[in-house]
Amino acid sequence: DGSSNLSATFVRRSRLSSSWWSTGVVAPVGEYAEAYEIDVIDGSSVVRTIVSSTAGFSYSAADQTTDFGSPQSSINFRIYQLSEVVGRGYVREVTL
């Protein structure tokens, strides 16, 4: 937004069989609860982990200043869907 706060959403994958690509209907999560961890990356270091129970997250300008010294024009994130059985699933790395 105009104040350097970042809000992002993403499309999760399901651990169950799904035809989302052909039907557009979101598949069930395939876990007891929907949960994600989003790591904020600075170089090769994780500077913050954001926890979310939805397919989205916010990263405020104040938190960016704490983590980087000022709000950033682009930030690297690693997004993990959590599993009650195996913990973090496969990573999806993005730059926003």
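Preceding block: the structure.
Residues numbered from 1 in each chain as written. Predicted model: local features only at pLDDT ≥ 70, side-chain atom pairs only at ≥ 80, totals over all residues. Heavy atoms only, no water.

**Student:** Help me understand the sheet that holds strand β2 (residues 36-42), please; the structure alone is not making it clear to me.
**Tutor:** Sheet strands pair via backbone hydrogen bonds, and the direction of the pair is either parallel or antiparallel. Here four strands make up an open sheet; going across it, the order is β3-β2-β5-β6 and the pairing antiparallel. What marks the edges here is a single partner per strand, and that holds for β3 (45-52) and β6 (87-95). Taken over all neighbouring pairs, the strand axes of this sheet differ in orientation by 25° on average, direction set aside. Alignment of strand β5 (residues 76-83) against β6, held across seven bridges, turns out to be antiparallel. Bridged to F77 within β6 is V94. (Pairing = 2+ DSSP bridges. Helix = DSSP H or I, 4+ residues; strand = E, 2+ residues; numbered from the N terminus. Axes fitted to C-alpha atoms, helices over the stretch in contact; angles between N-to-C directions.)

**Student:** Looking at this model, I keep getting lost on the packing of aromatic side chains. Mind explaining?
**Tutor:** Aromatic ring pairs are reported here in terms of the distance separating the ring centres and the angle at which the planes meet. Using the criterion set out here, one finds three aromatic pairs in the structure. Here F10 and Y36 contribute two aromatic rings whose centre-to-centre distance is 5.1 Å and whose plane-to-plane angle is 80°, an arrangement assigned as edge-to-face. With F10 in the loop between β1 (6-9) and α1 (20-23) and Y36 in strand β2, this residue pair connects regions lying 26 residues apart in the sequence. Judged by its relative accessible area of 18%, F10 falls in the buried class. Ring geometry for Y59 against F77: centres 6.0 Å apart, planes inclined by 85°, an arrangement best described as edge-to-face. Placement of Y59 in strand β4 (residues 56-59) and of F77 in strand β5 is noted, with a sequence separation of 18 residues between them. Residue class for F77 comes out buried when judged on its relative accessible area of 0%. (Phe/Tyr/Trp six-rings, centres within 6.5 Å; stacked < 30°, edge-to-face > 60°. Buried < 20%, exposed > 50% of the residue type's maximum accessible area, 1.4 Å probe, protein only.)

On their own, these measurements won't tell you what the molecule is for.
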